[in-house]
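# Topology and contacts: notes
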Amino acid sequence: MSLRDFLDAHVTAGGGEARTGYLAQHPLFEQIPRLRRDFRVPELCTAGGGSVRHTNAWLGPEGTVTPLHFDSYDNVLTQVVGYKRVVLFPAEQTKWLYPKEAGGGGVDAQGNVSAVDVEAPDLERFPDYARAAGLEAVLGPGDGLYIPAGCWHHVRSLTAAFSVSFWF
């Protein structure tokens, strides 16, 4: 499927015609290297002599969600198009965020995903989540957000959106 076909079918179709499709944590810039000319790596990613390990694209329609999780790398999440809401919890609050056990395949393999739905927490199943104190940020075009390794974060697209994450 071409990128244009993906956008037409999953991102830009109006009137409820779009089928939800989310190009998430995708190595788009490895597939289409000439796109790298369209952005600069944030200076924070290379401060102190470090380097970017992974550059990922996130492209999807309004309403796409990345559930509460943490990454093993420092990250600068940059917003290119559209708006996203990010809810952050420091690593020290892990005890209240109910990490799923590691194992198996898919998103649960690393044990870095929470069992809690941040937008509709079930406090009967996860009572200690009520003790967690998250911070919220809304990112718009041109914004960047530093997310330290181990920091829990939940992301929702408020509009059709394109983001780039720089893991370092």
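Presented here is a report on the structure given in the accompanying data block. Nothing here was measured: the structure is a model prediction, and the numbers come from that model. Numbers given to residues run from 1 along each chain, matching the order in which its sequence is written. It should be noted that, the model being predicted, local features are given only for residues of pLDDT at least 70 and side-chain atom pairs only at 80 or more, the latter also being counted only at that level, while totals for whole chains, interfaces and linings use all residues. Only hydrogens and water are set aside; all other atoms, that is, all heavy atoms of the structure, feed into the side-chain values.

## What to know about the overall build of the chain
Heads up, the rule is: A helix here means a DSSP run of H or I that spans at least four residues, while a strand means a run of E at least two residues long, and both kinds are numbered starting from the N terminus. Throughout, radius of gyration means the C-alpha value; the globule benchmark is 2.2 Å times the number of residues raised to the power 0.38. Exposure is judged per residue with a 1.4 Å probe applied to protein chains only, and the accessible area is read against the type maximum: over 50% gives exposed, under 20% gives buried, and values in between give partly exposed. It only takes one pair of heavy atoms within 4.5 Å for two residues to be counted as in contact.
When you go through the chain residue by residue, the secondary structure sums to two helices and nine strands. Each helix and strand of the chain, placed in order from N terminus to C terminus, yields the pattern α-β-α-β-β-β-β-β-β-β-β. A globule of 168 residues ought to have a C-alpha radius of gyration of about 15 Å, and the chain, at 17 Å, matches this closely. Counting only residues that meet the buried cut, the chain has 38% of its 168 residues in that class. The long-range fraction of contacts in the chain, counting pairs at least 24 apart against all pairs at least 6 apart in sequence, stands at 82%.

## Focus on the pattern of salt bridges
The following threshold applies: Whenever Lys or Arg places a side-chain nitrogen within 4 Å of a carboxyl oxygen from Asp or Glu, that contact is recorded as a salt bridge.
Under the counting rule described, the total for this entry stands at two salt bridges. We note a salt bridge from E119 to R85, for which the minimum N-O separation is 2.9 Å. One end of the pair, E119, is in the loop between β5 (84-89) and β6 (135-139); the other, R85, is in strand β5, with 34 residues separating them in the sequence. A salt bridge links E119 to R156, with the nearest nitrogen and oxygen atoms 2.5 Å apart. With E119 in the loop between β5 and β6 and R156 in strand β8 (residues 152-157), the pair connects residues that are 37 residues apart, well separated along the chain. Residues joined in a network through salt bridges with shared partners are R85, E119 and R156.

## Digging into the pairing of strand β2 (residues 54-60)
Stated precisely, the cut-off is as follows: By definition, two strands form a pair when at least two bridges between them are found by DSSP.
Among the seven residues that make up β2, six are buried, leaving the element largely enclosed by the rest of the structure. Both β2 and strand β9 (residues 161-167) contribute to a ladder of seven bridges, which runs antiparallel. Considered in β9, the bridge of A57 is made with V164.

## Brief notes about the sheet that holds β6
Heads up, the rule is: Axes here refer to lines fitted to C-alpha atoms; in helices the fit is confined to the stretch in contact. Angles between the N-to-C directions go from 0 to 180 degrees.
The strand order across the open sheet built from four strands is β3-β8-β5-β6, with neighbouring strands paired in antiparallel fashion. With one partner strand each, in any of the chains shown, β3 (65-69) and β6 form the two edges of the open sheet. For this sheet the average axis-to-axis angle between neighbouring strands, irrespective of direction, equals 15°. Two elements, β5 and β6, share five bridges in a ladder whose sense is antiparallel. Bridged to R85 within β6 is V138.

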